[in-house]
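# Per-entry structural report
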Amino acid sequence: QVQLVESGGGLVQAGGSLRLSCAASGRTVSSFTMGWFRQAPGKEREFVARIMASGAITVYADSVKGRFTISRDNAKNTVYLQMNSLKPEDTAVYFCAGTYYSGASYAYWGQGTQVTVSS
């Protein structure tokens, strides 16, 4: 019922910033827990950040704490990932995902957007 489309990826220098967007369609995701994941070449997909429906609770991977911020705009049915102080190690395809039930497996996934950080 929900389609997710990521955008905002691109090439950026180390230390720079980038904001990813995840636009949802088909139905509102205002009551969904939303998350961001990433996968680098030859690596396992890893968790990046998660935000609950209320927006009051967020969780980050240790590798991005203090640098990345997840947020949402329910009026636009969109979730964001603000990435600051980017490092080459952040280079990956970034995916957004959603689930209606907090703590449940993510049922909806986007196709991903490429983020490349040059040194």
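Note: the structure precedes this text.
Bringing the state of the cysteines into the picture now. In total, this model carries one disulfide according to the counting rule given. What pairs with Cys22 in a disulfide is Cys96, and their sulfur atoms sit 1.9 Å apart. Judged by the torsion about the S-S bond (55 degrees), the Cys22/Cys96 disulfide is right-handed. You can see Cys22 sitting in strand E3 (residues 18-25) and its partner Cys96 sitting in strand E9 (residues 92-99), a full 74 residues away along the chain. Given a relative accessible area of 1%, Cys22 falls into the buried group.

For the rest of this paragraph, the subject is the packing of aromatic side chains. Centre-to-centre distance and the angle between the planes together describe a pair of aromatic rings. Within the structure shown, the criterion is met by seven aromatic pairs. Residues Phe32 and Tyr100 carry aromatic rings whose centres are separated by 5.6 Å and whose planes lie at 80 degrees to one another, so their mutual orientation is edge-to-face. A residue pair is termed long-range when its members are at least 10 positions apart, and Phe32 in the loop between E3 and strand E4 (33-39) and Tyr100 in the loop between E9 and strand E10 (108-109) qualify at 68 residues. The class of Phe32 is buried, set by a relative accessible area of 1%. On the basis of an interplanar angle of 40 degrees and a centroid distance of 5.9 Å, the ring pair of Phe32 and Tyr108 is categorised as tilted. Residue Phe32 is found in the loop between E3 and E4, and its partner Tyr108 is found in strand E10; the two are separated by 76 residues along the sequence. An aromatic cluster is present here, built from Phe32, Tyr100, Tyr101 and Tyr108 joined pairwise through their rings. The positively charged end of Arg45 is found above the aromatic ring belonging to Phe37, 5.7 Å away from the centroid.

Where strand E1 (residues 3-7) meets E3, five bridges bridge the pair, whose relative direction is antiparallel. By the bridge assignment, Gln3 is partnered in E3 with Ser25. Of the strand pairs in this sheet, E3 and strand E8 (residues 78-83) are connected by six bridges, and their pairing is antiparallel. By the bridge assignment, Ala23 is partnered in E8 with Thr78.

Here we take up the sheet that holds E8. Spatially, the four strands line up as an open sheet ordered E1-E3-E8-E7, and their pairing is antiparallel. Where the open sheet ends on each side, the last strands, each with one partner, are E1 and strand E7 (68-73). The mean angle between the axes of side-by-side strands here comes to 15 degrees, regardless of whether they run parallel or antiparallel.

Take the pattern of salt bridges next. Evaluated as defined, the whole model comprises four salt bridges. Notably, a salt bridge pairs Arg38 with Asp90, separated by 2.9 Å at the nearest N-O pair. In this pair, Arg38 is assigned in strand E4 and Asp90 in the loop between E8 and E9, connecting sequence segments 52 residues apart. Grouping residues by exposure puts Arg38 and Asp90 together as buried. In this structure, Asp62 and Lys65 form a salt bridge, with 3.1 Å as the shortest nitrogen-oxygen distance. Given the relative accessible area of 66%, Asp62 is considered exposed.

Conventions adopted
Residues numbered from 1 in each chain as written. Predicted model: local features only at pLDDT ≥ 70, side-chain atom pairs only at ≥ 80, totals over all residues. Heavy atoms only, no water. Disulfide = S-S within 2.5 Å. Helix = DSSP H or I, 4+ residues; strand = E, 2+ residues; numbered from the N terminus. Buried < 20%, exposed > 50% of the residue type's maximum accessible area, 1.4 Å probe, protein only. Phe/Tyr/Trp six-rings, centres within 6.5 Å; stacked < 30°, edge-to-face > 60°. Lys NZ or Arg CZ within 6 Å of the ring centre and 35° of its normal. Pairing = 2+ DSSP bridges. Axes fitted to C-alpha atoms, helices over the stretch in contact; angles between N-to-C directions. Salt bridge = Lys/Arg side-chain N within 4 Å of Asp/Glu carboxyl O.

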